[in-house]
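Now for the letters of each chain:
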Amino acid sequence: MEPRIHQMHQPLPLPKTKKVQDQPTQSFRDVFQDTKSLQVSKHAQQRLQERNISIDDSKWQMISHKMTEAKSKGITDSLVVTNEAALVVSTKNHTVVTAMGREESSSHIFTNINGTIIIDE
């Protein structure tokens, strides 16, 4: 027998750390693309024409921005109320589903929405 002592190498235990879950973040480009890609469904387009509702570009941009903001808060289907119209929108698809005049909307009950966006400008 050899008088030498043999060392057995054992790895040191790793310190226990909590995993921090990464929260999904959207890049500026993704948010910008969302705001640029507002869709108006064929049905909504027909309703806008039938009811002579006109919404200017700056208002559409504001609606799109608010839809993106609502989506980030977990809202999937929303009612958007402006001075001109009431729009039912899908924030998931970034699409205007239907539209009606503001006066007409006062006598309706809106279902299947989980958020409301009010734009008074």
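Before any of the text, the structure's been laid out above.
Residues numbered from 1 in each chain as written. Predicted model: local features only at pLDDT ≥ 70, side-chain atom pairs only at ≥ 80, totals over all residues. Heavy atoms only, no water.

A. Fine view of the pairing of strand 3 (residues 85-90). With six of six residues buried, strand 3 lies mostly within the body of the structure. Of the two faces of strand 3, the one carrying Ala85, Leu87 and Val89 and the one carrying Ala86, Val88 and Ser90 are both buried. In terms of strand pairing, strand 2 (residues 77-81) meets strand 3 through five bridges, oriented antiparallel. From the neighbouring strand, aspartate 77 faces strand 3, where its bridge partner is serine 90. Counting the residues that bridge the hairpin from strand 2 to strand 3 gives three residues. Between the antiparallel neighbours strand 3 and strand 4 (residues 95-101) lie four residues, among them histidine 94 with a positive phi of about 55°. (Buried < 20%, exposed > 50% of the residue type's maximum accessible area, 1.4 Å probe, protein only. Helix = DSSP H or I, 4+ residues; strand = E, 2+ residues; numbered from the N terminus. Pairing = 2+ DSSP bridges.)

B. Geometry of unusual backbone geometry. The residue asparagine 52 is not glycine, and still its phi comes out positive at about 50°. Here asparagine 52 lies in the loop between helix 2 (42-50) and helix 3 (57-72). Look at asparagine 112: it is not a glycine, yet its phi comes out positive at around 60°. Relative to the assigned elements, asparagine 112 resides in the loop between helix 4 (102-105) and strand 5 (116-118). Assessed through its relative accessible area of 71%, asparagine 112 is described here as exposed.

C. Geometry of the sheet that holds strand 4. Here five strands make up an open sheet; going across it, the order is 1-4-3-2-5 and the pairing mixed. This sheet does not close on itself; its edge strands, each paired only once, are strand 1 (39-40) and strand 5. The sheet contacts of helix 2 involve strand 1 and strand 4, and relative to strand 4 the element is tilted by about 20°. On top of the sheet, helix 3 reaches strand 1, strand 2, strand 3, strand 4 and strand 5; it is set at about 45° to strand 3, its chief contact. (Contact = heavy atoms within 4.5 Å. Axes fitted to C-alpha atoms, helices over the stretch in contact; angles between N-to-C directions.)

D. Representation of the nonpolar core in the model. Counting 17 residues, the largest nonpolar core has Ile55, Trp60, Ile63, Val80 and Leu87 as its most contacted members. When contributions to this core are tallied by element, the ones reaching two or more residues are helix 2, helix 3, strand 3 and strand 4. Element by element, the count of residues in this core is highest for helix 3, at four residues. The contact partners of leucine 87, leaving out residues within four places of it in the chain, are Ile55, Trp60, Ile63, Ser78, Leu79, Val80, Val96, Thr98 and Ala99. (Core = buried A, V, L, I, M, F, W, Y, C linked by side-chain atoms within 4.5 Å.)

E. View of the environment of histidine 65. Within the secondary structure, histidine 65 is located in helix 3. Sequence spacing of histidine 65 and leucine 38 is 27 residues, and the spatial spacing of their C-alpha atoms is 9.4 Å.

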